[in-house]
Structures are given as C-alpha cells and as structure tokens.
Amino acid sequence: QVQLVESGGGLVQPGGSLRLSCAASGILFSRYYMGWYRQAPGKERELVAGITSTGGSTNYADSVKGRFTISRDNAENTVYLQMNSLKPEDTAVYYCSARFLTLYWGQGTQVTVSS
C-alpha cells in the first residue's frame with residue numbers, strides 16, 4: 001500500500017519559516033520524481049517545487065523561487081520543502097506527490113501565513 005504522509009504545516013507569521021516533510025512508503029522511492037503542490041481556497045492546485053529521482057535537478061514556481069527549497073533523502077524515503085520568507089499568499093494546503101509510472105498523492109498539510 002502506497003502512503004505519502006506530510007507533516008510540518010501550521011500557522012506562521014509573515015516572514016517566518018516552515019519545513020514540510022513527506023515520508024513515503026510502499027514505493028521504490030529512489031525511482032520517483034517528487035513534487036510539492038499547493039491549493040488555496042477557490043484556486044486550482046499548482047506545482048510549487050519538484051525534484052528528480054536522484055535529487056540532481058529541481059524546479060520551482062516563479063512565485064517561490066529564492067524562498068523555497070526542495071530536497072530529498074533517498075535513504076530515508078523522505079522529501080522536504082523548506083519555506084522561508086513566507087507570505088500570506090503562501091497560505092494553502094500543501095500536497096506531496098510521487099510520480100514514476102503512476103502518480104500518488106499525500107493527504108495534504110495546512111500552511112497558514114498570518115499575523
């Protein structure tokens with residue numbers, strides 16, 4: 001059974017930081033392209049950041065470049081999203097995804113940026 005379990009969300013003030021984690025099980029993690037997506041109320045889900053199976057290449061949405069960093073630990077089957085200089089517009093449910101031949105999703109973790 002494939003599971004992607006996100007953690008690390010919460011309430012943070014503007015300018016603050018959070019680190020999201022996504023622990024994967026039931027897949028050969030090192031083969032999967034991993035991504036972080038987010039969905040704000042009334043908006044479509046959007047790709048925030050992605051990382052290739054080896055971690056050798058990453059990509060980011062323009063809105064988060066220079067503030068967010070995606071990384072992975074293939075020994076721990078975990079992908080991370082370090083989020084710095086958070087803004088209110090970063091408020092959303094953040095989802096982890098794993099893609100190889102099939103696309104899997106986590107259940108999401110809420111991130112709220114508010115004073």
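Structure first, text after, so check above.
Residues numbered from 1 in each chain as written. Predicted model: local features only at pLDDT ≥ 70, side-chain atom pairs only at ≥ 80, totals over all residues. Heavy atoms only, no water.

(A) Spotlight on the nonpolar core. Grouped together as the largest cluster of nonpolar side chains are 29 residues, with contacts concentrated most on Met34, Trp36, Val79, Leu81, Met83 and Tyr94. Counting only elements with at least two residues in this core, the list comes to strand S3 (18-25), strand S4 (33-39), strand S5 (46-51), strand S7 (68-73), strand S8 (78-83), strand S9 (92-99) and strand S11 (109-113). Excluding its chain neighbours within four sequence positions, the residues that come into contact with Val79 are Leu20, Ser21, Cys22, Phe29, Met34, Trp36, Ile51, Ile70, Ser71, Arg72 and Cys96. (Core = buried A, V, L, I, M, F, W, Y, C linked by side-chain atoms within 4.5 Å. Buried < 20%, exposed > 50% of the residue type's maximum accessible area, 1.4 Å probe, protein only. Helix = DSSP H or I, 4+ residues; strand = E, 2+ residues; numbered from the N terminus. Contact = heavy atoms within 4.5 Å.)

(B) A look at the environment of Phe68. The residue Phe68 is located in strand S7 in this model. Spatially, the C-alpha atoms of Phe68 and Val79 are 13 Å apart, while their sequence positions differ by 11 residues. Excluding its chain neighbours within four sequence positions, the residues that come into contact with Phe68 are Arg38, Val48, Tyr60, Leu81, Gln82, Met83, Asn84, Leu86, Asp90 and Tyr94.

(C) Layout of the pattern of salt bridges. Across all of its chains, the model carries 4 salt bridges by this definition. Between Glu46 and Arg38 there is a salt bridge, with its nearest N and O atoms 2.7 Å apart. Exposure remark for Glu46: the relative accessible area of 34% places this residue in the partly exposed category. Residue Asp90 is joined to Arg67 by a salt bridge in which the shortest nitrogen-to-oxygen separation is 2.7 Å. Note that Asp90 is positioned in the loop between S8 and S9 and Arg67 in the loop between strand S6 (58-60) and S7, a separation of 23 residues in sequence. What makes Arg67 buried here is its relative accessible area of 10%. (Salt bridge = Lys/Arg side-chain N within 4 Å of Asp/Glu carboxyl O.)

(D) Molecular detail of the sheet that holds S8. Strand order in the open sheet formed by 4 strands is S1-S3-S8-S7, and the pairing between neighbours is antiparallel. The sheet terminates laterally at strand S1 (3-7) and S7, the two strands that pair on one side only. Averaged over neighbouring strand pairs, the angle between their axes works out to 15° when direction is ignored. Direction of pairing for S7 relative to S8: antiparallel, over a ladder of 6 bridges. Along S8, the bridge assignment pairs Ile70 with Leu81. (Pairing = 2+ DSSP bridges. Axes fitted to C-alpha atoms, helices over the stretch in contact; angles between N-to-C directions.)

(E) View of the packing of aromatic side chains. Evaluated as defined, the whole model comprises 4 aromatic pairs. Considering the side-chain rings of Tyr32 and Phe100, the 5.6 Å spacing of their centres and the 55° angle between planes classify their relative orientation as tilted. Separated by 68 residues along the polypeptide, Tyr32 in the loop between S3 and S4 and Phe100 in the loop between S9 and strand S10 (103-105) bring together distant segments of the chain. Of the residues examined, Tyr32 reaches a relative accessible area of 9% and is grouped as buried. A residue is classified by how much of its surface remains accessible, and Phe100, at 41% relative accessible area, is partly exposed. Judged by centre distance (6.3 Å) and plane angle (40°), the rings of Tyr32 and Tyr104 are tilted. (Phe/Tyr/Trp six-rings, centres within 6.5 Å; stacked < 30°, edge-to-face > 60°.)

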